[in-house]
Amino acid sequence: RRQPGLSIELPKGVAVLLGLGLLWCWFSVAWSLNRYGAFVLALHWSLCALSMVPFSRLFASKLGKITFLTTVSVSGVLLSGIGLFQHIGEVDLLNDKSPISATFNLPNVAAQFLVCCVPSLLWLIVYGRNARIAVPSAAGLGAVLAHLFHIQAEAAWIAVICECLLFSVFAGLFHLRG
């Protein structure tokens, strides 16, 4: 009998692609010139794939999905708050190389994380059930975009534009589907 807490809720295609990617990672260790570096990288990707088990269970329910999106959104907004306060010179708690990198060492790394937070904020704005969710999410998106503006990473803005375009396409398809 299968225990419900140990099952993986991934579509078969995703599981097959994930398995093939991991197999390729481990095969590449054999012909790598730097076997230690390749081993560490393959181990990293294996642990990332292993993390799909709890995440697949998290995404099995609607509450789990909303909890994940809210967590990502809140962490991005908090990071933006730290970065913006660093920019105006009010927070000097962290020993960073740049005053706008928040808790990361470099601003570009902070920009990468913030770019990953934009779709979850957009989702909460568009599909939030009421103004108690949508309004704070919109304010949070403003903070994230303000922090990205002060970081001045052009690649981050290209990624945000692409995310907004893809979000629009998928939102349109979602509405057409009903």
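This text goes with the structure placed above it.
Our subject in this report is the structure included herewith. These numbers were taken from a predicted model, which means no experiment stands behind them.

1. Some points on the overall build of the protein
When helices and strands are counted, the protein shows seven helices and zero strands. Out of the 178 residues belonging to the protein, those deemed buried represent 28%. Here the analysis covers contacts within the protein between residues at least 6 apart in sequence; of these, 55% occur between residues at least 24 apart. Accessible surface for the protein amounts to roughly 12,100 Å². Of this, 72% is attributable to carbon and sulfur atoms.

2. Brief notes about the side chain of Ser73
Locating Ser73 in the fold gives a position in helix H4 (residues 62-87). Not counting the four nearest positions on each side in its chain, Ser73 is found in contact with Ser120, Leu121 and Leu124.

3. Regarding H4
The terminal C-alpha atoms of H4 lie 37 Å apart, and with 26 residues this matches the ideal 38 Å at 1.5 Å per residue to within 8%. Here H4 has its buried residues at Gly64, Leu69, Val72, Ser73, Gly76, Leu79, Ser80, Gly83 and Gln86. Residue Gly89 follows H4 closely and has a positive phi angle near 90°.

4. Here's the deal with helix H2 (residues 35-50)
An ideal rise of 1.5 Å per residue puts 22 Å on 16 residues; H2 measures up with 22 Å between its terminal C-alpha atoms. Within H2, burial applies to Ala38, Ala42, Ser46 and Ala49. Along H2, the residues classed as buried sweep out an arc of 75° about the axis, all on the same side. Opposite the packed face of H2, turned more than 90 degrees from it, sit the exposed residues Tyr36 and Leu47. On the buried face of H2, the contacting elements are helix H1 (12-30) and helix H3 (52-58).

5. Section: the nonpolar core
Across soluble globular proteins, nonpolar side chains have a tendency to be buried as a group. Ala111, Leu114, Val118, Val144, Leu148, Ile151 and Ala156 are the most contacted members of the largest nonpolar core, which has 20 residues in total. Where this core is concerned, the elements lending two or more residues are helix H5 (107-127), helix H6 (131-151) and helix H7 (154-177). Broken down by element, this core gets its largest block of residues, eight residues, from H5. When sequence neighbours within four positions are dropped, the list of residues in contact with Ala111 reads Leu148, Ile151, Ala153 and Ala156.

6. Section: the packing of aromatic side chains
Scanning all chains against the criterion turns up three aromatic pairs. Ring plane angle 70° and centroid distance 5.6 Å describe the contact between Trp26 and Phe39, whose orientation is recorded as edge-to-face. You can see Trp26 sitting in helix H1 and its partner Phe39 sitting in helix H2, a full 13 residues away along the chain. Classification of Phe39 as partly exposed rests on a relative accessible area of 39%. Considering the side-chain rings of Trp123 and Tyr127, the 5.7 Å spacing of their centres and the 40° angle between planes classify their relative orientation as tilted. With a gap of four residues between them, Trp123 and Tyr127 both fall in helix H5, about one helical turn apart.

Reading guide: rules and limits
- Residues numbered from 1 in each chain as written.
- Predicted model: local features only at pLDDT ≥ 70, side-chain atom pairs only at ≥ 80, totals over all residues.
- Heavy atoms only, no water.
- Helix = DSSP H or I, 4+ residues; strand = E, 2+ residues; numbered from the N terminus.
- Buried < 20%, exposed > 50% of the residue type's maximum accessible area, 1.4 Å probe, protein only.
- Contact = heavy atoms within 4.5 Å.
- Areas by Shrake-Rupley, 256 points an atom, 1.4 Å probe, with all protein chains shown as cover.
- Expected span 1.5 Å × (residues − 1).
- Arc of directions from axis to C-beta.
- Core = buried A, V, L, I, M, F, W, Y, C linked by side-chain atoms within 4.5 Å.
- Phe/Tyr/Trp six-rings, centres within 6.5 Å; stacked < 30°, edge-to-face > 60°.

Functional significance is not addressed by these values, which are geometric in nature.
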